[in-house]
Each structure stands twice: as C-alpha cells, then as structure tokens.
Amino acid sequence: MKKMLTRLGAGIIALSLAFSQTAFALTSPEEEEPVTKDESVFVILNSDGSVNKQIVSNWLHSDDGVKNVEDKSVVQGIENIKSDTKPQIKDNKVKWNSDEKDIYYRGTTDQKLPVSASIRYLLDGKEITAKDLAGKSGQVEIRISLKNNYAEQRQIDGEVRTVAPLFACAVVVDLPADNFTNIKAEDGIVLSESVNQMVAFVGLPGLKESFKGMLDDEFSELKDKMKDEFVITAQAENFELPPIMVGAAKIDSDLLDSEDLDGDLDELKDGLHDLEDAAQEILDGTVKLADACVEFDDKMGEFQDKYVEFDDGINDALDGSQKLHDGAGKLKDGAKELYDGTSELSAKVAGLTGKITPEKIQAIGKLAQLLPSISISQEDLQTIQSLPTVISSIPGQMADGILETLKNYTASGEGEDGESNPQMLSPAQYALVEQVVSGAKQQTQASIESQLSTVMPKIENMLGAYQQFQGLLAQLGDPQELIALLENMPDALGQLQTGVAKLNDGAKQLKDGTQELYDGSSDLLAGMQKLDEASDEITDAISQFKDATTELKDKTQELSDGVKKFKEEGIDELYDKIMDLTDTIGKAMDISDQVADVTDSFGSYTGAPEGAKTDVKFLMRTPQIKADTKEDESQPQNTEVQKESFWDRIKNLFSFGK
C-alpha cells in the first residue's frame, strides 16, 4: 500500500511537470532541432530539505545519429548507461560520436539548484528535528519553504527589482492514516484513500517577489496563492513519515508573452477615453433633459392654468346658454301669446269695423250732446245719502205722534162732574195701544231698515257710477270733438285693421323665429353640455398629465443627479483607477517581460550542445522517517536505466528503498 501511495505521489509530480514539458513543446512545433537534450535532475534531500546528493540523468537524441556532437556539461563521473560508447571529455566539453540516435548518460553535480527546499518540524508548537520527532505523538506542524535561487536584479522603469526565472513546483507529502489524523493544509489539497492520506501543493517560487508591490489590492487573493511556504498540521501518533517529494520544472516563457496584452491595454485605454466621453455626453444629455422637463413642466402648468380659465369660460358659456335657452323659451311663449293676442285683436277689430255704422255714430253724437244736461247737485247727493236716516226715523215719529195724540184722549180720572167720558181712553187702554204702537214702530222700523240695507247699496252704486260717468264726461271734453272723432273712426278702424293684420303677420314671424331660436338654443345648450363634459375630462386629463410632467421632471432630475453621481463616483473613479491600473499593469508587463527573459536565459542546468533544444526538470525527495531507525539514509541504487518513458523513470526513481 505504501508503495502504491509513493507511486501516486510521483504521478502527481509527473502531472505537474507535464505542464511545463507541454508548454515547452509549444514554443516552435514546426521546427525540427538536429539535437535535443533532456535533463532529469534527481535530488536526494536530507530531512530538513538540504541537498544530500544530486544525480543528473541526460538523454541526447538526434534522428541522424549523435555524430560529432559536442555537449557541454558540468556533470562529474559521466557514465553511459545504455551503450558502450565513450565520450571525449575536456574542460566541461563532452564530445559524442556515434551512429546511435539516443545516448543516455548520467553523473553527479554539486552546483546550486535553481529551486531549493527548507523543511522545519514542530511538535506541540516547539521546533524539533526530524530525527528527534520520530516515534513522538502530539500536535505536529510541518513547514516546507521553496526558494528560487536564480533571481537577478534588473532595472525596470527606473527601479531596481528582483526578478526570478519561472519554475512550477509540486510538493507531495504522504501522511499515513495510522500515524496522522485531523490533517489540515490551508494552501494544499488533502487526498484520502482508505488508510492512505496525501497532501499536495503547487507553488511558483520567486514569482511573488518578482511582482512585489504590484496590484496588491486588486490581486491580493491571487497573490496569497503565490506562496513559497506551505504548512501542514496534524495530530501525530508515533510519528513516522514517508519521503516528501518535490518536483520543479521551468515554465515556457511564451506563457508570459505580453505583446497581445499590451495591445489590449491600448484598446482598453482608448475604450476608457470613449467611455469617459460617452458618460460626459450622457450627463450633458440628462442635464439638458432635466432642464427641458423643468421648462416643459412650467409650460404645462401655464397651459393648465390657461385651460382652467378656458374651462371656466365654458362653464360661463354653459350657464349663458342655459339662460339663453330659458329666455328663448319664455320669448317663444311670449311670442306665441303675442301672436294669439294679435290674432284675437285682428278678429275683434274686424268685428268692430262691421258694427260701427254712421247711424250709430250719429246716435252716439246726440247722446254726447245730451250727457252734459244730466247733472245731480251736491245737495241732492247729500239728500240721497241722508235718506236712510230720514226714512228710518219716520216710523218713530209717526208712533210718537200717534201716542201723543192718543194721550190727549186718555182720562186721568173722573170729569168735573165726576162722571167718566165715554170717548176717552182709559189708562189701561192707552197702555195697550202704546204697547201695540211701540211694537208696530219697531217692526216697521226693522222692515224699513231691512229694505234700505238692500236698496241703499244699489243707490250708492248708482251714485258711484254716476260719479264715474261724470268723470268720463269731463274726459270726453267737447261733444263736437267726440262726434268728429267718431265720424273718422271707420277710416281709423280700417287703418287699425290693416296695422293689426301686419302686426299679426309680424307676431307670426316672431313666433316662428323664436321657435327656431328656442330650437337652436336647445341644440346650443346640448352642445355646450357635451363640450363642458368633454372639457371636464380634458381638465382631468391635463391635471393627470401635469402630475405626470411633474413626476417626469422629478424623475429626470433624479436621473440627472444619478448620472452625475454615477459619472463622478463611478465612471470618473473607474477611469482614474483603471488608468492607474493600466499604468501598473504596463509596469507589471515590463516585469513579466523581464521574468520571461530571465527564464529564457535558463536554458540548461548542467550545460547543452550549441543550438540544442533542451528540457530540464528537477525531482527531489527526502529520506523516510521511521520510528525505529529514526531516519532512512538509504541512497538510490545504480540501477541501469533502460530505454523507457519519462514517467516510468519517475516511478523507478521513487521506488528507491523498497
């Protein structure tokens, strides 16, 4: 199981190195190099990451055979591990001359690695060596640091900066489940399979330093991932640790090509200028729109006020048309009455004209001559008016006279001779007569008064009529003038009849005209009522439209304010920030170009033939830490390398110590 996990770790490293190898192959796929050189540097590390030994395995290839190929190499103890061909070695120049297409040789070197590792161990918060940690239990912390050792100082935009060649690194740590629990690796991936647990990290040592101070805020999260140090924490039980494996390979510098990005930045700047200009135009447009909406709302208010006045005028016109209609109705009725009256007058005048004859006029003249002779004096009037009093007093006077007379014939006693007079009334008889006469007086007086109450009103009416008659006589004046007037009356009646006929015709026309006026006023009233209803609807619509224009004014002002705020706080700030950012990106691109240049300058680790296509990768491992032996210091066996794939060689490498 441990062997399987070890090979799994090797596979992870192989996959990480495949990226660099594939990228390198993409540099110029159409070109065919006469000689290629592949360097695989196998590094045996101590438990703290320091270098114990470096084994370099080289592979030279040429389709035409490796003939007179002068290789450059600082490798010591060169050994051909495939064939018996021997090289000629002089001053780090290794010359091969063979018909073979492939030469495999290896040796050792002690020169400084481009990427080195440092490993520290902590137990319960205190640093401890791997040897002393073996077999211990507790909270364990493993810190693995990677360092790019080929960094250079370059002058970039007037500033001295540290730039390093770009190497992709993969770190794989096997943590057996029997020994480790609660594993945490913030910047790594924890893989678990049954009793096997593995943590993998990927790093780009030196890259963060190369771009130090560039886009720290914008790419802070990304830069946090560009770590050169990785931390693993776990709860250990009887601490034992399989080898830690590290792979490193140079990344193809074409990935750092900024030429297209430079053009994109120019386009971005141009776009930003266009965006700034467009935002200003939008702001100017919204300001003009807001001003126009304010003016439009004001004009709409004026129009609303004017229309209210117009609507009031329509209401007044409606009231006037109602009054006109009512007046036309009354005029129509009056014209009809006038027509009826003139028609009746015309008929009466026509009848009167036939009745007034010369004989009747002559008789009226004679009557007029006799009228002045009919006269009642004032005294006669007073006498007539006093008749009721005089007549009412007659029965009393007569009764009093009778009783006075009878009183003289009433004996008050015996005569002088003592005898009674037979012609005399006795007191009793007199009293009886007095009673009868008084009753008759009262009855007669009551009857007279009753008759007078009937007759006197008639007499008084006659007197009143007489007084009116006298007034009329006074108004008639001279009878001769009346006669003359009466004689002219037939002609006057003829003229009157003609005039009345014309008046009747005019009254008919007036009646017909007033009927038309009435009908027209009815139509006018109906039209004005519809107009008033429509005007009310228009007034409501104008009011709603005015509310809409007011809201539009407010909204366009809000839009203008919002666009202004958006421009000032959004576009302008974005413009400033992106322009600053593009300047920073431009500088970062210059740094990237320098990183690419220093990466390209690293063509080979130990040397290569002039013009050869090279590839180099570094594979490192620490010794296994065991609780019983404390630390496995076993070295790799000098197993002959067969012609096998690169990945097979990785697996074989990490099978050391099996």
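These figures come from a predicted structure and were not determined experimentally. (Residues numbered from 1 in each chain as written. Predicted model: local features only at pLDDT ≥ 70, side-chain atom pairs only at ≥ 80, totals over all residues. Heavy atoms only, no water.)

Student: Tell me about the overall build of the protein, and name the residues and values.
Tutor: Each helix and strand in the protein was counted, giving 10 helices and 19 strands. By residue count, 36% of the 658 residues in the protein fall in the buried class. Contacts spanning at least 24 positions in sequence make up 80% of the contacts within the protein whose residues lie at least 6 apart. With the model as given, the accessible surface of the protein reaches about 37,800 Å², and the carbon-plus-sulfur share is 52%. (Helix = DSSP H or I, 4+ residues; strand = E, 2+ residues; numbered from the N terminus. Buried < 20%, exposed > 50% of the residue type's maximum accessible area, 1.4 Å probe, protein only. Contact = heavy atoms within 4.5 Å. Areas by Shrake-Rupley, 256 points an atom, 1.4 Å probe, with all protein chains shown as cover.)

Student: So what's going on with the nonpolar core? Residues and values would help.
Tutor: Judged by nonpolar contacts, the single largest core of 44 residues is most densely connected at Tyr121, Leu241 and Phe618. With five residues, strand β8 (residues 115-123) is the largest single contributor of residues to this core. Not counting the four nearest positions on each side in its chain, Tyr121 is found in contact with Ser47, Lys126, Glu127, Ile128, Ala130, Leu133, Glu141, Ile142, Leu241, Ile244 and Ile625. Core analysis: the next-biggest nonpolar cluster, separate from the first, contains 11 residues, Val163, Leu166, Met214 and Ala588 among them. (Core = buried A, V, L, I, M, F, W, Y, C linked by side-chain atoms within 4.5 Å.)

Student: An account of the sheet that holds strand β6 (residues 93-96) is requested, with residue identities and associated values reported.
Tutor: Strand order in the open sheet formed by three strands is β3-β6-β5, and the pairing between neighbours is antiparallel. Each edge of the sheet is formed by a strand with only one pairing partner; in this case those strands are β3 (69-72) and β5 (88-90). Each neighbouring strand pair of the sheet contributes to a mean axis angle of 20 degrees, computed without reference to strand direction. Both β3 and β6 contribute to a ladder of four bridges, which runs antiparallel. Considered in β6, the bridge of Val69 is made with Trp96. (Pairing = 2+ DSSP bridges. Axes fitted to C-alpha atoms, helices over the stretch in contact; angles between N-to-C directions.)

Student: Now, about the pairing of strand β7 (residues 102-108): what can you tell me, with residues and values included?
Tutor: Most of β7 is tucked away: six of the seven residues are buried. In this structure, strand β2 (residues 51-61) lies alongside β7, joined through seven bridges in antiparallel fashion. The partner of Ile55 across the bridge, within β7, is Thr108.

Student: Can you explain the pattern of salt bridges? Please cite residues and give values.
Tutor: Scanning the model with the defined rule gives 19 salt bridges in all. With a shortest N-O distance of 3.3 Å, Asp38 and Lys617 are connected by a salt bridge. One end of the pair, Asp38, is in strand β1 (residues 36-45); the other, Lys617, is in strand β19 (residues 613-621), and 579 residues separate them in sequence. Just as Asp38 is buried, Lys617 falls in that class too. A salt bridge links Asp597 to Arg154; its shortest N-O distance comes to 3.0 Å. Of this pair, Asp597 sits in helix α9 (residues 479-601) while Arg154 sits in strand β11 (residues 152-156), placing them 443 residues apart in sequence. A relative accessible area of 16% places Arg154 in the buried class. Each of the salt bridges in this network shares a partner with another, and the network as a whole consists of Asp38, Asp615 and Lys617. (Salt bridge = Lys/Arg side-chain N within 4 Å of Asp/Glu carboxyl O.)

Student: Could you give me a rundown of unusual backbone geometry, with the residues and numbers involved?
Tutor: In this model, Asp91 sits at a positive phi of 50 degrees, which is unusual for a non-glycine residue. Mapped onto the elements of the fold, Asp91 is located in the loop between β5 and β6. In the Ramachandran plot, Asn238 falls in the positive-phi region, its phi being about 55 degrees despite a non-glycine side chain. Turning to its location among the elements, Asn238 is positioned in the loop between β17 (229-236) and β18 (245-250). Accessibility expressed as a relative area gives 35% for Asn238, which makes it partly exposed.

Student: Please give an account of the packing of aromatic side chains that cites residues and values.
Tutor: Applying the stated criterion across every chain, the model contains 11 aromatic pairs. Look at Phe303 and Tyr307: their rings are 6.2 Å apart centre to centre, the planes differ by 40 degrees, and that puts the pair in the tilted class. On the criterion of helical spacing, the pair formed by Phe303 and Tyr307 is a turn pair, its members being four residues apart in helix α5 (residues 259-355). Here Phe303 falls in the partly exposed class, since its relative accessible area comes to 42%. We classify Tyr307 as buried; its relative accessible area is 12%. The residue whose ring lies beneath Lys332 is Tyr518, and the NZ or CZ to ring-centre distance is 5.1 Å. (Phe/Tyr/Trp six-rings, centres within 6.5 Å; stacked < 30°, edge-to-face > 60°. Lys NZ or Arg CZ within 6 Å of the ring centre and 35° of its normal.)

Student: So what's going on with the pairing of β6? Which residues, and what values?
Tutor: The alternating pattern of β6 places Val94 and Trp96 on a buried face and Lys93 and Lys95 on a face that is not buried. With three bridges joining them, β5 and β6 adopt antiparallel strand pairing. If you follow Ile89 over to β6, its bridge partner there is Val94. Taken together, β5 and the strand that follows it, β6, pair antiparallel across an intervening segment of two residues, in which Asp91 is found at a positive phi of about 50 degrees.

Student: Before we move on, could you go through a negative patch on the surface and cite the residues and values that matter?
Tutor: A grouping of Asp270, Asp274, Asp277, Glu281 and Asp284 is seen on the molecular surface, where their side chains present a negatively charged patch. Its place among the elements puts Asp274 in helix α5. (Patch = residues over 30% accessible without salt bridge, like charges linked within 9 Å, V, L, I, M, F, W, Y side chains within 5 Å. Lys, Arg positive; Asp, Glu negative; His and termini not counted. Charge placed at Lys NZ, Arg CZ, Asp CG, Glu CD.)

Student: I'd like a rundown of the sheet that holds strand β16 (residues 196-203), residues and numbers included.
Tutor: Read across the sheet, nine strands follow the order β4-β7-β2-β1-β19-β18-β13-β16-β15 without closing on themselves; strand pairing throughout is mixed. Every interior strand has two partners, whereas the edge strands, β4 (76-80) and β15 (189-193), have only one. Neighbour to neighbour, the strand axes of the sheet diverge by 20 degrees on average, direction disregarded.

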